[in-house]
Amino acid sequence: MAGDIAGDLATPPLLRLDFDFPSDCLAKLSRSRVITSNRTSTRNSRATALHIIWHDTAQGCLAAAGLALAESRGSFTLERLHPDRGVSPRAASPAWLPAMAPAVLATAATAADLSALLPPAAQPPALVPAAGFAGHQRQIKLTIGSAPVTLTSIDGHLRGVAQEWPVCRLHIVGPADAALALAHALAADFPLAVPHASLAAAAFALTRNQPLLRRSPGAPAVPPGATLHQAMVLVTAWLADALVYWAPLAPLGQVPEPVHQMRVASRRLRSALALFRRAPGGAALAPFLSPLRDLAQTLGAARDWDVFTLGTGAAVGNAFDGDTRIAAMLTAATRKRATAYANLHTLLNSDAFRAQLVCLALLPHDAPWQTNGDDTTAGADHRRTLHQPAAAFAALTLHRLTRRLFAGTDDLAALAPDDLHAVRKHAKRLRYACEFFSPLFPGKTTRKFIARLADLQEALGLVNDQHVAGLLMAQLPGGADRQFAAGVVQGFVASQGTGARAAAAKAWRKLRREDVFWA
């Protein structure tokens, strides 16, 4: 596994990046400062017609194998459709980082020339057109620094069996430093966005009328043998990819899952950045924490009202069916939820957030923790530490977080609410770190420790529900009727949480007796 990861993270000769781009900004793009000042030729590039046909079997065998076969301009290209998840999603290779174009496996004049690379059930005689693209392509040659970079715009429509969808992409190809510099410059001037899927994956989803699948499901986990640098790349890439996936879905408010998942991803990413700040060069991660904190607050407001209106509030409404005071309180809560989602929509569709999301997506490419890697002795030591196994850093991190969690008290039941809330936050940070690093320490001890930690979190969550319910009720204006409704809600939550403190104290004692798995 270690050898595979090392190969995946080796810097490629050319970096290929893809971005979504507003088609109505294409005219401004060629006149922008970053283009005019770095253009290799002063001649305007001409738009040329571009047609792509993706081939697959009627049963979708190629797509099922994670492959896409595209025909365009008299040649065939075989590429990855999505990252190879392998047997376990958590063991997926980090080679396909956010904003990176899909890996091209081979090109040939005919599909038959690629037959050795195709699954047995997807040989050329069984292939039929499955999806297409029709539009225009424009290419601009640039010099960024002293490196040649090609910027290609693709504007047109994806076409499925009975529907089509407008799409506009920017494709950047060049040496990594130059390609990344151009991407950052364009993101500063234009509403660049990170696509969650390749053009082929989007085309197949349209054809089958299916939603795009999340490329990196679950929590990131650092595989055995990974270096500290590889761990930082994998975790930041995985979580940035999650934000890219959920960001367009979260403000819709149709179902609560996108907000919940995006909130969890942002919390995990904040926790990861805070952990890795203690790594060599980790101070470069500090600027990313504040925007994530603001995002978490806006997501938190929407999530709290989701939980209340769909959970506690709905249960209270059923129990007091016909009570006008409860009904009025629920109507006010629904308005609060709508306001929270409106605020979230404004944030996630702002130019500032789009730029921040591009920066987060490019973070694992930029790897700013390596910037101290100069030719001095200190630089050599810096690089050497980053390329040591991640297990040593993980053990120190988990020891520090556990010590902070257990500091100050032996009896959880005796803690004041604010102190109990602090314990809950420390437990959450330790749980995230355990998720990241547990594959480095496989075994029964690891699974048992994490299970005990999960029990503690669940019990503390029930206790916290009472606190959140009180805060939400305080946000609802009104007189005696509203006070009555608020009292009913708090009484209901208290009854639901009966024994939660005792359960938390019991889980706390069991966790403290558990052997740590990283010693």
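The shown structure was predicted, so the numbers you read here are calculated from the model rather than taken from an experiment.

Student: I keep staring at the sheet that holds strand S4 (residues 75-80) and nothing clicks. Help me out?
Tutor: Through backbone hydrogen bonds, the strands of a sheet pair up, either in parallel or in antiparallel fashion. Strand order in this open sheet of eight strands is S1-S8-S7-S6-S2-S3-S4-S5, and the pairing throughout is antiparallel. The sheet is open, and its two edges are formed by strand S1 (15-20) and strand S5 (104-108), each paired on a single side. Strand-to-strand, the axes of this sheet are offset by a mean angle of 25°, without reference to chain direction. Pairing of strand S2 (residues 48-56) with strand S6 (residues 128-144) involves nine bridges; the strand directions are antiparallel. Of the residues in S6, the one forming a bridge with Leu-50 is Gly-135.

Student: Explain the state of the cysteines to me, please; I cannot follow it from the model alone.
Tutor: Throughout this description, disulfide means a covalent bond between two cysteine sulfur atoms. Enumeration according to the criterion identifies zero disulfides in this entry. The structure places no disulfide on Cys-359, whose sulfur is separated from the nearest cysteine sulfur, that of Cys-25, by 18 Å.

Student: Is there a simple way to explain helix H9 (residues 289-319) in this structure?
Tutor: The α-helix winds at 3.6 residues per turn, so residues separated by three or four positions along the chain end up facing the same way. Its 31 residues place the ends of H9 43 Å apart at the C-alpha level, agreeing with the 45 Å of an ideal helix rising 1.5 Å per residue. Taken as a whole, H9 carries its principal kink of about 40° at Gly-313.

Student: Can you walk me through the nonpolar core in this structure?
Tutor: As a rule of thumb, nonpolar side chains are buried together in soluble globular proteins. In this structure, Leu-17, Phe-19, Ile-172, Leu-186, Met-262, Leu-412 and Phe-437 are the most contacted members of the largest nonpolar core, which totals 134 residues. Take this core: its biggest share by element is 14 residues, from helix H7 (residues 228-246). Phe-19 has contacts with Ala-99, Cys-168, Arg-169, Leu-170, Ile-172, Ala-183, Leu-192, Ala-193, Val-194, Pro-195, Val-358 and Leu-362, leaving out every residue within four places of it along the chain. In this structure, Leu-81, Ala-131, Ala-201 and Leu-206 belong to the second largest nonpolar core, which totals 21 residues.

Student: Sorry if this is basic, but what is going on with the pattern of salt bridges here?
Tutor: Enumeration according to the criterion identifies 11 salt bridges in this entry. Of the charged contacts in the structure, one is a salt bridge between Glu-435 and Arg-268, with a shortest N-O distance of 3.1 Å. Of the two residues, Glu-435 is situated in helix H14 (residues 417-437) and Arg-268 in helix H8 (residues 257-276); the sequence distance between them amounts to 167 residues. The residue Asp-351 makes a salt bridge to Arg-354 at a minimum N-O spacing of 3.0 Å. Residue Asp-351 and its partner Arg-354 are located together in helix H11 (residues 351-366), separated by three residues, close to a single helical turn. The class of Asp-351 is exposed, set by a relative accessible area of 55%.

Student: Is there a simple way to think about the environment of Thr-207 in this case?
Tutor: With respect to the secondary-structure elements, Thr-207 resides in helix H6 (residues 199-208). Sequence separation between Thr-207 and Gly-470 is 263 residues, and the spatial gap between their C-alpha atoms is 48 Å. Side-chain polar atoms of Thr-207 contact the backbone oxygen of Ala-130, separated by 3.2 Å.

Student: Please explain the side chain of Ser-198 as it appears in this structure.
Tutor: Along the chain, Ser-198 turns up in the loop between helix H5 (176-189) and H6. At 3.1 Å, the side chain of Ser-198 and the backbone nitrogen of Ala-201 are in polar contact.

Student: I tried to follow the confidence of the model for the protein chain on my own but got confused; where do I start?
Tutor: The share of residues in the protein chain with pLDDT of 70 or more is 94%, and the mean pLDDT across the chain is 89. Note that pLDDT drops below 50 for residues 1-11; the model gives that stretch 16 contacts with residues more than four away or on any other chain. In this model, residues 85-93 is a region of pLDDT below 50 whose contacts with residues beyond four sequence positions or in other chains number 16 contacts.

Student: Where do I start with the packing of aromatic side chains in this structure?
Tutor: How two aromatic rings sit relative to each other is given by the distance of their centres and the angle of their planes. Overall, the coordinates contain 12 aromatic pairs when judged by the stated rule. On the basis of an interplanar angle of 90° and a centroid distance of 6.0 Å, the ring pair of Trp-305 and Phe-308 is categorised as edge-to-face. Of this pair, Trp-305 and Phe-308 are both found in helix H9, three residues apart, which corresponds to roughly one turn of the helix. Accessibility assignment for this pair places Trp-305 and Phe-308 in one class, buried. Plain terms: the ring middles of Phe-449 and Trp-518 are 5.5 Å apart, the flat faces sit at 85° to each other, and that makes the pair edge-to-face. Placement of Phe-449 in helix H15 (residues 444-474) and of Trp-518 in the segment after helix H17 (500-513) is noted, with a sequence separation of 69 residues between them. For Trp-518, a relative accessible area of 8% puts it in the buried group. The residue whose ring lies beneath Arg-325 is Phe-484, and the NZ or CZ to ring-centre distance is 3.6 Å.

Reading guide: rules and limits
Residues numbered from 1 in each chain as written. Predicted model: local features only at pLDDT ≥ 70, side-chain atom pairs only at ≥ 80, totals over all residues. Heavy atoms only, no water. Pairing = 2+ DSSP bridges. Helix = DSSP H or I, 4+ residues; strand = E, 2+ residues; numbered from the N terminus. Axes fitted to C-alpha atoms, helices over the stretch in contact; angles between N-to-C directions. Disulfide = S-S within 2.5 Å. Expected span 1.5 Å × (residues − 1). Bend = angle between axes of the 7 residues up to and from the residue. Core = buried A, V, L, I, M, F, W, Y, C linked by side-chain atoms within 4.5 Å. Buried < 20%, exposed > 50% of the residue type's maximum accessible area, 1.4 Å probe, protein only. Contact = heavy atoms within 4.5 Å. Salt bridge = Lys/Arg side-chain N within 4 Å of Asp/Glu carboxyl O. Polar contact = N/O pair within 3.5 Å; in protein donor to acceptor, adjacent residues only side chain to side chain. pLDDT = per-residue confidence, 0-100. Phe/Tyr/Trp six-rings, centres within 6.5 Å; stacked < 30°, edge-to-face > 60°. Lys NZ or Arg CZ within 6 Å of the ring centre and 35° of its normal.

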